[in-house]
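What the coordinates show
As a plain string of letters, each chain reads:
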Amino acid sequence: MASVLVIGAGLAGLACAWRLQRAGFDVEVLEREAAPGGRARSREHEGFLIEPGVGVFASRDNGLHGLARHVDLASDVQSILRFPDAIDTAHGMAAVRPIEDPLFVQTDAVHRSDAWRLGRLRVEALRWRRELDPVSEKAIGALDSLSAVTWLDRVVGRGLRRERVVPYASALAGMNVEALSAAAFLRFAERLRGVRPQYLIGGLALLANRLADRLNVRFGCDVSAIESEDDGARVRYRAGAREGRAMADAVVVAVTGPSMASLCPKLVPSERGFFESLSFARRTVAHLLFDAAPAVPHRMIAFPPRDGFGVSALEVAHHMRGAAPSGAGLLRAVLSEAATGRLSGATDAEVAGVVLDNLERSAVGRLTPREVIVDRIDAAAPIAGPGFFASLARFENRVERTPRMAFAGDYFAGQGAEAAISSGLHAASEIAHALPPRSVSRVV
Ligand SMILES: Cc1cc2nc3c(=O)[nH]c(=O)nc-3n(C[C@H](O)[C@H](O)[C@H](O)COP(=O)(O)OP(=O)(O)OC[C@H]3O[C@@H](n4cnc5c(N)ncnc54)[C@H](O)[C@@H]3O)c2cc1C
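Residues numbered from 1 in each chain as written. Predicted model: local features only at pLDDT ≥ 70, side-chain atom pairs only at ≥ 80, totals over all residues. Heavy atoms only, no water.

Listing the buried residues of helix α2 (residues 62-70) in full gives G63, L64, H65, L67 and A68. Those residues of α2 hidden inside the fold are in contact with α1 (11-22), β5 (57-58), β6 (77-79), β9 (197-200), α8 (204-213) and α14 (417-434). With its phi angle positive at about 60°, D72 sits one or two positions after the end of α2. (Buried < 20%, exposed > 50% of the residue type's maximum accessible area, 1.4 Å probe, protein only. Helix = DSSP H or I, 4+ residues; strand = E, 2+ residues; numbered from the N terminus. Contact = heavy atoms within 4.5 Å.)

This paragraph deals with the sheet that holds β6. Within the open sheet, the three strands sit side by side as β5-β9-β6. Their pairing is antiparallel. Each having just a single partner strand, β5 and β6 make up the two edges of the open sheet. Both β6 and β9 contribute to a ladder of three bridges, which runs antiparallel. Paired with S79 across the bridge in β9 is Q198. (Pairing = 2+ DSSP bridges.)

To continue, consider the packing of aromatic side chains. Taken as a whole and judged by the stated rule, the model has 14 aromatic pairs. Measuring from ring centre to ring centre gives 5.3 Å for F274 and F275, while their planes differ by 65°; the resulting arrangement is edge-to-face. In this structure, F274 and F275 share a single accessibility class: buried. A cation over a ring is seen here: R398 above F395, with NZ or CZ 4.1 Å from the ring centre. (Phe/Tyr/Trp six-rings, centres within 6.5 Å; stacked < 30°, edge-to-face > 60°. Lys NZ or Arg CZ within 6 Å of the ring centre and 35° of its normal.)

Moving on to the domain arrangement of the protein chain. Partitioning the protein chain into structural domains gives domain 1 (3-40 + 204-264 + 402-443), domain 2 (105-192) and domain 3 (198-202 + 280-382). Taking only C-alpha atoms into account, the centre of domain 1 sits 33 Å from that of domain 3. Here domain 1 packs against domain 3, burying approximately 690 Å² in sum over the two surfaces, 73% of which is carbon and sulfur. The interface formed by domain 1 and domain 3 includes zero salt bridges. For the side of domain 1 that touches domain 3, the residue count by class is five nonpolar, four polar and two charged. (Domains from an automatic or database assignment. Buried area = accessible area lost by both parts, 1.4 Å probe. Salt bridge = Lys/Arg side-chain N within 4 Å of Asp/Glu carboxyl O. Nonpolar A, V, L, I, M, F, W, Y, C, P; charged D, E, K, R; others polar.)

By the criterion of burial, helix α7 (residues 182-192) is predominantly enclosed, with eight of the eleven residues buried. Within α7 the residues assigned to the buried category are A182, A183, A184, F185, L186, F188, A189 and L192. Immediately beyond the C-terminal end of α7, within one or two residues, lies G194, with a positive phi of roughly 70°.

As structure tokens, this is what we get:
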């Protein structure tokens, strides 16, 4: 039986290991932390589910739904239909019409001429749909070299871009979409068009835990070097005070993008160039815990940029089953990237103070949580800025490849849980096609 090592038990690594195991490979996953899930990992705190994001996915996320079915979680998938999203405007909260198209941010508070422009945005986005093939350098080129900001300014103008489209799309994406290329922005919008937002009772980490339970995962293995040649792969790691080595016929590297290049010293130049060019956005999240849930009749509220305002989105987690004790409240305030940078040296109490002050100045009003927990995530979301798809196409179409090595991570397929899972499944297929049927596996 051919053996494969998978490095990283995030959703990408777990999806990959799951598919390889089902295909009959002898798979071992090496994970640095004590639990699976990577960026989707969550923790329980006095009955509250503390996860970095609300773990929302889309009804069209087939890879995620397939895995959930496999680990008997299909009945735990819930839709969030009752509570509309909203944008905080100068005139109060404007409810966003049910999500059909994240670009078409129609709210009651939009002037008729603006509504016309937003409609035009939808038409323009549909016009470009066919050009969004990520591995065809030629097709995607025009949109890839353009920033989302430039493209949006041409279609809707600066005002609507700043006040409506970017705040709402950024809140949905969990990052500032102004950093994206037009191509990445439109692909993100296309992915969410016409879908229902969904979540898993207990959070996305539950999916990771269930998958890990069915796999051979070795936790606490901090991998320091990964090499592979024509005859197989070798991995060095540290487990506590002990140095270890593992060998297999092939390896899949599913660690968060930025550390890829330093972990794999013998990558071919085109692979190294691609990984070194990756960039990820930071994220700061403040979890606000309440004994009694505040009345916020929205799923999520987006905040346009304003002077001295650091919160970019407020996610209402207690509308989701299992996120908070009965009657209690859980809100997650996501800070903008600018505020994340500004407050990088601030204490958690100072961050909490900024968040509560900002919300008091918004249509949300004064809140008095019993506790605020602050999470800071260094590499939270991949940024597909201008030129990213050209770089990805060069990587995918490279002639010279490191043998017996495949790569997985959300950044290959957009961002989010579904992107991570589909990249993991893709890496598994790559390995299955490349490996000869027989082999030896040894862990020292
Ligand atoms: C704040 C926040 C909110 C989010 N909200 C949502 C959301 O609502 N919906 C959604 O779909 N997605 C959301 N996401 C994105 C989603 O969590 C990620 O896209 C996805 O989990 C990425 O999975 P991955 O496997 O590609 O990478 P990771 O989760 O980063 O997994 C990499 C794994 O590799 C391990 N590792 C790293 N280095 C080593 C090493 N040297 N040795 C061994 N192991 C190593 C890590 O510990 C980790 O377990 C959110 C992310 C963040 C940060």
